[in-house]
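# A closer look at the structure
In case you want the letters, here they are:
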Amino acid sequence: MRILLVEDDPMIGEAVSVSLKDAAYAVDWVLDGAAADIVLRNGEHQAVLLDLGLPKRDGLEILRRLRQGGNGVPVIVITARDGIDDRIKGLDFGADDYLAKPFDLNELLARLRAVIRRQGGQAAPLLSNGKLSLDPATREARCGNAVEPLSAREFSLLHALLLRPGMILSRAELEERIYGWNEEVESNAVDFLIHGIRKKLGADVIKNVRGAGWMVDRAT
């Protein structure tokens, strides 16, 4: 999944970026509020990690403008402003969750998984369409009797499809969810990942819709 990190502290930003990439997310990182405001207009991210004390534009103002514009992307506020009034204001402005610094990176990842599940209409920790299931905490996929660990990018691709079972995602849409801004994408990258997933879980686990893209079966 494609995550936007808005954080002006280089040490925190680097630590969070590495942790997200290790957990199979594609990460785009900006260091000030004005840049975040511009990027968020494109609507290319599945979740946002937003600091509040930013240069050029405050995080709460970014959040307010985002929600007033009708953008429902999940937002987790990560900030040193840990007073109860600050928490209330952040949640009332439209944040989905609020995490005060310093925070544990594993807790941040767990909260991120939770808000992405809710955004996709999934309450359970496992993503499933009844035939195929995916555990975001372990990156294991199950289909029938097969239980297989996935690589980071295999996981990202299958996660994107299972969030919307029955919906066709094009090559460009899958690439957008798997790769960050500065990552080179080879022309056959999606095909290679799908081949790897099918080899582990079965040839019919991901269906190709010729000329349109790929999908997993609708939930049963």
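All values derive from a computational prediction rather than experimental measurement. (Residues numbered from 1 in each chain as written. Predicted model: local features only at pLDDT ≥ 70, side-chain atom pairs only at ≥ 80, totals over all residues. Heavy atoms only, no water.)

This brings us to the environment of Asp104. Assignment of secondary structure puts Asp104 in the loop between β5 (97-100) and α5 (105-119). For Asp104, a relative accessible area of 42% puts it in the partly exposed group. Here Asn106 takes part through its backbone nitrogen, which lies 2.9 Å from a polar atom of the side chain of Asp104. (Helix = DSSP H or I, 4+ residues; strand = E, 2+ residues; numbered from the N terminus. Buried < 20%, exposed > 50% of the residue type's maximum accessible area, 1.4 Å probe, protein only. Polar contact = N/O pair within 3.5 Å; in protein donor to acceptor, adjacent residues only side chain to side chain.)

Attention now moves to the pairing of strand β8 (residues 140-143). Residue alternation in β8 divides its side chains into a buried set, Ala141 and Cys143, and an unburied set, Glu140 and Arg142. Two successive antiparallel strands, strand β7 (residues 132-135) and β8, enclose a turn made up of 4 residues, where Arg139 displays a positive phi of approximately 65 degrees. Of the strand pairs in this sheet, β8 and strand β9 (residues 146-149) are connected by 4 bridges, and their pairing is antiparallel. Bridge pairing links Cys143 to Ala146 in β9. (Pairing = 2+ DSSP bridges.)

Within the open sheet, the 4 strands sit side by side as β6-β7-β8-β9. Their pairing is antiparallel. At either margin of the open sheet sits one strand with a lone partner, and together these are β6 (127-128) and β9. By the bridge criterion, 2 bridges tie β6 to β7 in an arrangement that is antiparallel. Bridging from a neighbouring strand, Leu127 pairs with Leu134 of β7. Where helix α6 (residues 152-163) meets the sheet, it contacts β6, β7 and β8, and its direction lies at approximately 120 degrees from that of β7. Running at roughly 140 degrees to β9, helix α8 (residues 189-201) makes contact with β7, β8 and β9 of the sheet. (Contact = heavy atoms within 4.5 Å. Axes fitted to C-alpha atoms, helices over the stretch in contact; angles between N-to-C directions.)

We now examine the side chain of Gln46. With respect to the helices and strands, Gln46 occurs in the loop between α2 (33-40) and β3 (47-50). Judged by relative accessible area, which is 14%, Gln46 ranks as buried. Here Gln46 is in contact with Met1, Arg2, Val73, Pro74, Ile116 and Arg177, once residues within four sequence places are set aside.

Predicted coordinates in regions of low pLDDT should not be interpreted in detail. Averaged over every residue, the pLDDT of the protein chain is 88; the share at 70 or more is 97%. When mean pLDDT is compared element by element in the protein chain, β3 scores highest at 96, while β6 scores lowest at 84. (pLDDT = per-residue confidence, 0-100.)

Looking now at the nonpolar core. In summary, soluble globular proteins display a tendency toward joint burial of nonpolar side chains. Core analysis: the biggest nonpolar cluster contains 47 residues, and Tyr25, Leu49, Leu112, Leu157, Leu158 and Ile206 have the highest contact counts within it. Look past the residues within four positions of Leu112 in its chain and what remains in contact with it is Ile3, Leu20, Tyr25, Ala47, Leu49 and Ile76. Membership of the second largest hydrophobic core comes to 19 residues, among which are Leu40, Val48, Leu66 and Val75. (Core = buried A, V, L, I, M, F, W, Y, C linked by side-chain atoms within 4.5 Å.)

All right, on to the sheet that holds β3 then. The strands making up a sheet associate through backbone hydrogen bonding, with each pair oriented either parallel or antiparallel. The strand order across the open sheet built from 5 strands is β2-β1-β3-β4-β5, with neighbouring strands paired in parallel fashion. Pairing within the sheet leaves two strands with one partner each, and these edge strands are β2 (26-30) and β5. Adjacent strand axes in the sheet meet at a mean angle of 20 degrees, parallel and antiparallel pairs treated alike. Sheet topology places strand β4 (residues 75-79) next to β5; 4 bridges connect them, and they run parallel. Along β5, the bridge assignment pairs Thr79 with Ala100.

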